[in-house]
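If you want the building blocks of each chain, they are given just below.
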Amino acid sequence: MGAPPLVVAPSEPMAVDPALLRAVPQRLPAVESPAAAMPETPPLVATQPTAPHNPERITAAAKPAPKPAVLLVVVARPLEAPLDVAALKIRLRDTHAIGVFTKLALRNQMDDLLKQFRSHYQGEQKTSVATLRQPYDRLILKVLALVQDGDPSLAHTIAGSREELWNILADPEQFKSII
Amino acid sequence: MIAPARNASRLTLVAMLVAGPVAAAQDAALLKDMTAVIMLLGLPCDQVVSARQQADHSHLAACRNGMRYRVFVNAEGRVVAQRQ
């Protein structure tokens, strides 16, 4: 690809094509997700570059050329409810996808993992919390493998909450709130 | 006198027909549970083919590969599978 087109600050006020401004709001759906929120940028404006490439004009400009606004196409997503850990626990406890002994064994392993987090936050472990990521991922995979056939909805919820659960466990304040 | 005996035998037959599939389903669920637990504990067992509850509420599970385990919950509330 070639170099991006040069944008030169005009000496006089810009004439913006109204058709462009009218079209933009229709193409941009509302951004609801905070993750997708972006700082405000000026709308995309059309510039008419001068015919010759004149370096003197560029260097003489007092202000730097305005950055071309980036038109983001954001896909609107419904607001996601915050993860309800207690509700997830209840669903896992009540699921028919796994038997009683399996639930007990899973609970034992979850308690073991939580114990490791607790000892980390109490300063008993010298390593960072990132070292617990692997055992966490392994446990999540075990749970998913066990429930995915019998309870696909629960498996989908757990898979989708994987990162959020890790963020809760990895944050000392949030970890205290769930224990 | 013969009629009540016949009725009783018919009732027994019907009960067996109904209870049979239900018991089989429970057995299948138990076998699946035992298989999952043993594998979750990292022990070799491809599939539990039979499981019998013992007097002490533990389960004796026999795997297809010949391994046998006693599965129970210990005093600390942990599920344990001991190789037999």
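Scroll up for the structure.
Heads up: these notes are all about the structure in this document.

Scoring rules and cut-offs
- Residues numbered from 1 in each chain as written.
- Chains lettered and ligands numbered in written order.
- Predicted model: local features only at pLDDT ≥ 70, side-chain atom pairs only at ≥ 80, totals over all residues.
- Heavy atoms only, no water.
- Contact = heavy atoms within 4.5 Å.
- Buried area = accessible area lost by both parts, 1.4 Å probe.
- Salt bridge = Lys/Arg side-chain N within 4 Å of Asp/Glu carboxyl O.
- Polar contact = N/O pair within 3.5 Å; in protein donor to acceptor, adjacent residues only side chain to side chain.
- Helix = DSSP H or I, 4+ residues; strand = E, 2+ residues; numbered from the N terminus.
- Disulfide = S-S within 2.5 Å.
- Buried < 20%, exposed > 50% of the residue type's maximum accessible area, 1.4 Å probe, protein only.
- Phe/Tyr/Trp six-rings, centres within 6.5 Å; stacked < 30°, edge-to-face > 60°.
- Lys NZ or Arg CZ within 6 Å of the ring centre and 35° of its normal.
- Core = buried A, V, L, I, M, F, W, Y, C linked by side-chain atoms within 4.5 Å.
- Arc of directions from axis to C-beta.
- Axes fitted to C-alpha atoms, helices over the stretch in contact; angles between N-to-C directions.
- Left-handed = near helix turned anticlockwise from the far one by under 90°.
- Nonpolar A, V, L, I, M, F, W, Y, C, P; charged D, E, K, R; others polar.
- Pairing = 2+ DSSP bridges.

**Structural notes on the interface of chain B and chain A**
Move 1: Contacts between chain B and chain A engage 13 residues on the former and 13 residues on the latter.
Move 2: Across the chain B/chain A interface, buried area totals approximately 1,100 Å², and carbon plus sulfur atoms make up 61% of it.
Move 3: A salt bridge links Arg78(B) to Asp112(A), with the nearest nitrogen and oxygen atoms 2.7 Å apart.
Move 4: If you look at where chain B meets chain A, you find seven residue pairs in polar contact (both at pLDDT 80 or more).
Move 5: Mapped by element, the contributors of at least two residues to the side of chain B that touches chain A are helix H1 (2-40) and strand S3 (68-73) of chain B.
Move 6: Of the residues forming the side of chain B that touches chain A, the biggest block, six residues, is contributed by H1(B).

**Describing the state of the cysteines**
All names here are of chain B.
Move 1: Scanning all chains against the criterion turns up one disulfide over all chains.
Move 2: The disulfide partner of Cys-45 is Cys-63, and the S-S distance across this bridge is 2.1 Å. Here Cys-45 and Cys-63 share a disulfide; its torsion about the S-S bond, -105°, makes the bridge left-handed. Remark: Cys-63 occurs in strand S2 (residues 59-63) and Cys-45 occurs in the loop between H1 and strand S1 (48-53); sequence separation between them is 18 residues. For the residue pair Cys-45 and Cys-63, the accessibility class agrees, reading buried in each case.

**What about the packing of aromatic side chains?**
Move 1: Taken as a whole and judged by the stated rule, the model has four aromatic pairs over all chains.
Move 2: Each ring, one from Tyr121(A) and one from Phe175(A), has its centre 5.2 Å from the other, and the planes form 50°; the classification is tilted. Pair noted here: Tyr121(A) is in helix H4 (residues 100-121) and Phe175(A) is in helix H8 (residues 172-178), with a separation of 54 residues, a long-range link.
Move 3: The exposure class of Phe175(A) is buried, given its relative accessible area of 4%.
Move 4: The structure contains a cluster of three or more aromatic residues connected by ring pairs, namely Phe117(A), Tyr121(A), Tyr136(A), Trp166(A) and Phe175(A).
Move 5: Just above the ring of Phe72(B) sits the side chain of Arg70(B); from NZ or CZ to the centre is 4.2 Å.

**Section: the nonpolar core**
Move 1: In this structure, Phe117(A), Ile158(A), Ile38(B), Tyr69(B) and Val71(B) are the most contacted members of the largest nonpolar core, which totals 42 residues.
Move 2: A per-element tally of this core places helix H5 (residues 133-147) of chain A first, with seven residues.
Move 3: In this structure, Ile38(B) is in contact with Leu43(B), Cys45(B), Val48(B), Ala61(B), Cys63(B), Tyr69(B) and Val71(B), ignoring residues within four places of it in sequence.

**Describing the side chain of Thr102(A)**
Move 1: Tracing the chain through its elements places Thr102(A) in helix H4.
Move 2: Take Thr102(A): its relative accessible area is 0%, and that puts it in the buried class.
Move 3: Not counting the four nearest positions on each side in its chain, Thr102(A) is found in contact with Leu146(A), Asp33(B), Ala36(B), Val37(B) and Leu40(B).

**Digging into helix H3 (residues 85-94) of chain A**
Residues and elements named next belong to chain A.
Move 1: Among the residues of H3, those classed as buried are Val-85, Leu-88 and Leu-92. Looking down the long axis of H3, one finds its buried residues gathered within 60° of arc, a one-sided arrangement.
Move 2: Against H4, H5, helix H6 (152-160), helix H7 (162-170) and H8 lie the buried residues of H3.

**What about the packing of H3(A) against H6(A)?**
Residue and element names in this part refer to chain A.
Move 1: At a minimum axis distance of 11 Å, the contact between H3 and H6 shows a crossing angle of 145°. The crossing of H3 and H6 is left-handed. From H3, Leu-88, Arg-91 and Leu-92 reach across to H6, where they touch Ser-153, Leu-154, Thr-157 and Ile-158.
Move 2: Classifying every residue of the contact of H3 with H6 gives four nonpolar, two polar and one charged.

**Quick look at the pairing of S2(B)**
Within a regular strand, side chains alternate between the sheet's two faces.
Residues and elements named next belong to chain B.
Move 1: For S2, a buried count of five out of five residues is recorded, marking the element as mostly surrounded by other parts of the structure.
Move 2: A two-sided burial pattern is seen for S2, the buried positions comprising His-59, Ala-61 and Cys-63 on one face and Leu-60 and Ala-62 on the other.
Move 3: For S1 and S2, the ladder comprises five bridges, and the chain directions are antiparallel. Its bridge partner lying in S2, Ser-50 is registered against Ala-62.
Move 4: In textbook terms, the turn of a hairpin is the stretch between consecutive antiparallel strands, and for S1 and S2 this stretch comprises five residues, one of which, His-57, has a positive phi near 70°.
Move 5: Where S2 meets S3, four bridges bridge the pair, whose relative direction is antiparallel. Bridged to His-59 within S3 is Val-71.

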